[in-house]
Amino acid sequence: MLTFNVRKLPAGACVDRTYLKGQNMMSKLLHTSRAVLHVDDDPDMLQLVAKYLSKDFQVHSIVDPTKAIDHLARTGCRLVILDIQMGEHNGLDLLRTIKRLDGGILVVMLTGLVSLESVLVSMRDGAEACLFKPMNKPEELVCTMEQCAEKVARWHRSVNELLVRRASESCKAELQLALMEN
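About the criteria used
Residues numbered from 1 in each chain as written. Predicted model: local features only at pLDDT ≥ 70, side-chain atom pairs only at ≥ 80, totals over all residues. Heavy atoms only, no water. Helix = DSSP H or I, 4+ residues; strand = E, 2+ residues; numbered from the N terminus. Buried < 20%, exposed > 50% of the residue type's maximum accessible area, 1.4 Å probe, protein only. Contact = heavy atoms within 4.5 Å. Areas by Shrake-Rupley, 256 points an atom, 1.4 Å probe, with all protein chains shown as cover. Phe/Tyr/Trp six-rings, centres within 6.5 Å; stacked < 30°, edge-to-face > 60°. Lys NZ or Arg CZ within 6 Å of the ring centre and 35° of its normal. Axes fitted to C-alpha atoms, helices over the stretch in contact; angles between N-to-C directions. Parallel < 35°, antiparallel > 145°, perpendicular 65-115°, else oblique. Left-handed = near helix turned anticlockwise from the far one by under 90°. Nonpolar A, V, L, I, M, F, W, Y, C, P; charged D, E, K, R; others polar. Salt bridge = Lys/Arg side-chain N within 4 Å of Asp/Glu carboxyl O. Arc of directions from axis to C-beta. Polar contact = N/O pair within 3.5 Å; in protein donor to acceptor, adjacent residues only side chain to side chain. Pairing = 2+ DSSP bridges.

Student: Please explain the overall build of the protein chain as it appears in this structure.
Tutor: The helix and strand inventory of the protein chain stands at six helices and seven strands. In sequence order, the protein chain lays out its α and β elements as α-β-α-β-α-β-β-β-α-β-α-β-α. Burial status across the protein chain gives 39% buried among its 182 residues. Relative to all contacts within the protein chain whose residues are 6 or more apart in sequence, the contacts with residues 24 or more apart total 61%. Working note: accessible area of the protein chain is about 11200 Å², and carbon and sulfur atoms make up 55% of it.

Structural data, given as structure tokens:
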């Protein structure tokens, strides 16, 4: 639920519904910008990645790739880590599905499939990075996720600025209309 302190608004300020709706959306996005969905069919890898990232991120681990889309829709998570080979499921197919549904979700591939093709296909299909197992340098994963989180935060700031500008323009239009009526 959206709450704000009316005393912080300047005297005579108008706040339109679009702005309030946008602020509600921004509030949800800001709470999910440090949440990471990790999808891998290896429970040990899920646990290891959660250990590396849990200091700075809220990690949601899923062993069943068929539940990933539902989780993203339910939580609004903006950061995803995917394995490429997950039994009968293909992480590249899941990457394409995620990007088709919401291109703003940032996906990092973390795979044991070490090949030039896996890197090129991952990047072509919208992955932010492709890292390899075993992770010799866990700080590389942490750094990559930090960069992705900062990218999400930049988008949030841009959307917030847009909402503020639209609210300001709406207020100006209302004021001009009121002045014309008098």
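Student: Looking at this structure, I do not really get the packing of aromatic side chains. What am I missing?
Tutor: Each aromatic ring pair is described using two quantities: the centre-to-centre distance and the angle formed by the ring planes. Under the counting rule described, the total for this entry stands at zero aromatic pairs. The cationic tip of Arg-34 hangs over the ring face of Phe-57; the distance from NZ or CZ to the ring centre is 4.3 Å.

Student: Would you explain the packing of helix 3 (residues 68–75) against helix 4 (residues 91–101) in this entry?
Tutor: Helix packing for two helices is described by the angle between their axes and how far apart those axes are. Where helix 3 meets helix 4, the axes come as close as 11 Å, and the angle between the chain directions of the two elements is 30°. As far as their axial angle goes, helix 4 and helix 3 are roughly parallel. The handedness of the crossing between helix 3 and helix 4 is right-handed. In this structure, helix 3 uses Ala-68, Ile-69 and Leu-72 to contact helix 4, whose residues at the interface are Leu-94, Thr-97, Ile-98 and Leu-101. Within the contact of helix 3 with helix 4, the residues separate by chemical class into six nonpolar, one polar and no charged.

Student: Looking at this structure, how should I read the pattern of salt bridges?
Tutor: Opposite charge on two side chains lets them pair, provided their charged atoms get close. Evaluation of the coordinates by the stated rule reveals 11 salt bridges. Between Lys-133 and Asp-83 there is a salt bridge whose closest N-O contact spans 3.2 Å. Placement of the pair is Lys-133 in the loop between strand 7 (129–132) and helix 6 (138–181) and Asp-83 in the loop between strand 3 (79–82) and strand 4 (85–86), with a sequence separation of 50 residues. A salt bridge links Glu-128 to Lys-151; the nearest nitrogen and oxygen atoms lie 3.1 Å apart. Within this pair, whereas Glu-128 is found in the loop between helix 5 (116–124) and strand 7, its partner Lys-151 is found in helix 6, the two being separated by 23 residues in sequence. Look at Glu-128 and you get partly exposed, because its relative accessible area is 27%. Taken together, the shared-partner salt bridges in this structure form one network comprising Asp-93, Arg-96, Arg-124 and Asp-125.

Student: Before we go on, may I ask you to explain helix 2 (residues 43–53) in this structure?
Tutor: Along an α-helix, a turn takes 3.6 residues, which lines up residues three or four apart on a common side. Residues of helix 2 that are buried include every one of Met-45, Leu-46, Val-49 and Leu-53, and no others. End-on view of helix 2: buried residues confined to an arc of 100°, all on one side of the axis. Turned more than 90 degrees from where helix 2 packs its buried face, Pro-43, Asp-44, Gln-47 and Lys-51 sit exposed. In this structure Asp-42 caps helix 2, since a side-chain oxygen of it lies 2.9 Å from the backbone nitrogen of Asp-44.

Student: Help me understand the sheet that holds strand 6 (residues 106–111) in this model?
Tutor: Two strands in a sheet stick together by hydrogen bonds in their backbones, pointing the same way (parallel) or opposite ways (antiparallel). Pairing is parallel in the open sheet, where five strands are placed in the order 2-1-3-6-7. For this open sheet the edge positions go to strand 2 (58–62) and strand 7, each flanked by a neighbour on one side alone. Neighbour-to-neighbour, the strand axes of the sheet open up by a mean angle of 20°, direction not taken into account. Sheet topology note: the strand 3/strand 6 ladder contains four bridges and is parallel. Directly across from Val-80, in strand 6, lies its bridge partner Val-107. Set on the sheet, helix 2 makes contact with strand 1 (35–39), strand 2, strand 3 and strand 6; between it and strand 2 the angle comes to about 175°.

Everything listed here is a matter of geometry and, on its own, says nothing about what the molecule does.
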